[in-house]
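These are the residues of each chain, in order.
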Amino acid sequence: VNAEEVVRAECEAWSTLDIDQIMAYFAADAYWWPAFSFPKASGYEEVRRTIDGFLKAMTKCEFEIVNFAVAGNVVLTERVDHIVLVDVGEIAAAGMGVFEVTGDKITAWRDYFYPEVSDHGPWATGSPTS
Amino acid sequence: VGDLGTEEERVVREFLQATEGDQQDVDAMVSRMAEDIVWQVNVPLSAVVEGRDAARTEIERQNKRSTGMLMGSAVRSIASNDGTVFTERVDVVEIAGKRVALSINGIFEVRDGKIAAWREYFDSLDLAHQLGVDASILYDDIGT
């Protein structure tokens with residue numbers, strides 16, 4: 001598998017809302033940073049706990065990859081995340097994610113999103129302009 | 001011997017160089033934009049700037065309140081796919097005397113050697129926290 005395949009598989013896995021499938025692509029020393037005003041989750045166990053918390057707030061999560069590019073082991077994605085939040089309803093969050101991949105595992109994942117719409121956090125609504 | 005990247009990446013790197021210094025170089029930036037550029041300063045919240053003239057006005061507005069990219073600014077990752085160039089960056093700027101290091105990710109669509117679309121993604125709460133202001137004020141006059 002190459003870096004792009006790992007990232008595409010990870011993005012697909014979120015649609016299952018299954019923590020085991022989502023975590024299958026994280027390295028033991030991975031970190032996940034869902035937005036820069038959020039704490040960074042470091043290490044497999046902390047990433048797992050944090051993602052599990054996010055999953056509890058949603059009943060649907062589909063990552064639409066609008067654009068992507070690969071440079072060596074780094075994969076950059078422009079996405080619209082289609083999410084149904086339990087307390088809010090359906091949102092479409094536009095953002096970008098950067099993934100660093102070693103072998104068949106993700107070692108770093110940084111998302112660039114505006115994380116809050118009034119008190120509707122943790123995702124924004126809206127779409128790219130073109 | 002380094003990887004010089006694609007022609008489109010070169011256009012974007014030159015464009016980003018024009019943002020460096022005490023002030024962004026308006027003429028150098030605008031000269032690398034397509035006539036009908038579509039620029040969203042912060043997806044999804046800010047207004048969309050359409051056309052090179054409007055882009056010039058927006059850059060001039062930014063220059064009144066912010067420095068250009070200062071020492072410490074960096075392109076963390078750059079990659080492209082066809083004419084679409086991704087830049088993951090740290091932009092160090094000074095706004096109202098406060099220096100901030102903003103983690104930001106920009107997408108450029110390059111057509112015939114010019115930037116035809118530009119979308120920037122960042123966490124404006126992160127920026128607001130660094131500035132010590134409420135995030136809502138960041139959008140009062142962007143793109144107007």
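These numbers were taken from a predicted model, which means no experiment stands behind them.

Some points on the overall build of chain A
Along the backbone of chain A there are three helices and six strands. Along its sequence from the N terminus, chain A presents helices and strands in the succession α-α-β-β-α-β-β-β-β. Among the 130 residues that make up chain A, the fraction classed as buried is 48%.

What about the side chain of Glu88 of chain B?
Relative to the helices and strands, Glu88 of chain B is located in strand E4 (residues 84-95). Classification of Glu88 of chain B by relative accessible area gives buried; the value is 0%. One polar contact links Glu88 of chain B to Arg110 of chain A, side chain to side chain, over a distance of 2.6 Å. Engagement of the side chain of Glu88 of chain B in a polar contact is seen with the side chain of Tyr112 of chain A, the distance being 2.5 Å. The contact partners of Glu88 of chain B, leaving out residues within four places of it in the chain, are Leu76, Val98, Arg110 and Tyr112 of chain A together with Ala74, Val75, Arg76, Ser77, Ile104 and Asn105 of chain B.

Looking at the pairing of strand E3 (residues 58-71) of chain A
Residue and element names in this part refer to chain A. As paired strands, E3 and strand E4 (residues 74-85) are joined by twelve bridges and run antiparallel to one another. Bridge pairing in E4 places Phe68 opposite Thr77. Between the antiparallel neighbours E3 and E4 lie two residues, among them Gly72 with a positive phi of about 60°.

Observations regarding the interface of chain B and chain A
Contacts between the two partners involve 30 residues from chain B and, on the opposite side, 30 residues from chain A. Carbon and sulfur atoms make up 62% of the area that chain B and chain A hide from each other, which totals about 2300 Å². One salt bridge connects Glu88 of chain B with Arg110 of chain A, and the closest N-O pair in it is separated by 2.6 Å. Counting across the interface, chain B meets chain A through seven residue pairs in polar contact (both at pLDDT 80 or more). Elements that contribute at least two residues to the side of chain B that touches chain A include exactly strand E1 (33-40), strand E3 (74-81), E4, strand E5 (98-111), strand E6 (114-122) and helix H4 (124-131) of chain B. Across the side of chain B that touches chain A, the residue classes tally to 14 nonpolar, ten polar and six charged.

Describing the environment of Ala47 of chain B
Here Ala47 of chain B is to be found in the loop between E1 and strand E2 (48-50). You can call Ala47 of chain B partly exposed: its relative accessible area is 35%.

With respect to the pattern of salt bridges
Two side chains with opposite charge may pair up if their charged atoms get near one another. Residues and elements named next belong to chain A. With the rule as written, the count across this model stands at 21 salt bridges over all chains. Note that Asp20 is salt-bridged to Arg48, the shortest N-O span being 2.7 Å. Residue Asp20 is located in helix H2 (residues 19-23), and its partner Arg48 is located in helix H3 (residues 44-56); the two are separated by 28 residues in the primary sequence. Judged by relative accessible area, Asp20 falls into the partly exposed class, the value being 49%.

Some points on the packing of aromatic side chains
The relation between two aromatic rings is expressed through the spacing of the ring centres and the mutual angle of the planes. Residue and element names in this part refer to chain A. Tallied over the entire structure, the rule returns 15 aromatic pairs over all chains. An angle of 85° between the planes, with centres 6.0 Å apart, marks the rings of Trp14 and Trp109 as edge-to-face. With Trp14 in helix H1 (residues 3-14) and Trp109 in strand E6 (residues 105-112), this residue pair connects regions lying 95 residues apart in the sequence. On the basis of relative accessible area, Trp109 is assigned to the buried category, the value being 0%. Consider the rings of Trp32 and Phe54, whose centres lie 5.1 Å apart with planes at 70°: the pair is edge-to-face.

Section: the sheet that holds E6 of chain A
Residues and elements named next belong to chain A. Read across the open sheet, the six strands follow the order E2-E1-E6-E5-E4-E3; overall the sheet is mixed. Two strands lie at the open edges of the sheet, namely strand E2 (41-42) and E3, each paired on one side alone. Relative to E2, strand E1 (residues 26-33) is paired through two bridges, and the arrangement is antiparallel. Bridge pairing links Trp32 to Ala41 in E2. Along the sheet, H1 contacts E1, E3, E4, strand E5 (89-102) and E6; its crossing angle with E3, the most-contacted strand, is approximately 165°.

Side note on the nonpolar core
Residue and element names in this part refer to chain A. In terms of nonpolar packing, the biggest core is built from 29 residues, with Trp14, Phe26, Trp32, Ile51 and Trp109 touching the most fellow members. Secondary-structure elements contributing two or more residues to this core are H1, H2, E1, H3, E3, E4, E5 and E6. It is H1 that contributes the most residues to this core, six residues altogether.

Regarding the pairing of E4 of chain A
Residue and element names in this part refer to chain A. Counting buried positions along E4 yields ten of twelve residues, so the element is predominantly enclosed. Across twelve bridges, E4 lies against E5 in antiparallel orientation. Opposite Asp81, over in E5, you have Ala93 as the bridge partner. Two successive antiparallel strands, E4 and E5, enclose a turn made up of three residues.

What counts and how
Residues numbered from 1 in each chain as written. Chains lettered and ligands numbered in written order. Predicted model: local features only at pLDDT ≥ 70, side-chain atom pairs only at ≥ 80, totals over all residues. Heavy atoms only, no water. Helix = DSSP H or I, 4+ residues; strand = E, 2+ residues; numbered from the N terminus. Buried < 20%, exposed > 50% of the residue type's maximum accessible area, 1.4 Å probe, protein only. Polar contact = N/O pair within 3.5 Å; in protein donor to acceptor, adjacent residues only side chain to side chain. Contact = heavy atoms within 4.5 Å. Pairing = 2+ DSSP bridges. Buried area = accessible area lost by both parts, 1.4 Å probe. Salt bridge = Lys/Arg side-chain N within 4 Å of Asp/Glu carboxyl O. Nonpolar A, V, L, I, M, F, W, Y, C, P; charged D, E, K, R; others polar. Phe/Tyr/Trp six-rings, centres within 6.5 Å; stacked < 30°, edge-to-face > 60°. Axes fitted to C-alpha atoms, helices over the stretch in contact; angles between N-to-C directions. Core = buried A, V, L, I, M, F, W, Y, C linked by side-chain atoms within 4.5 Å.

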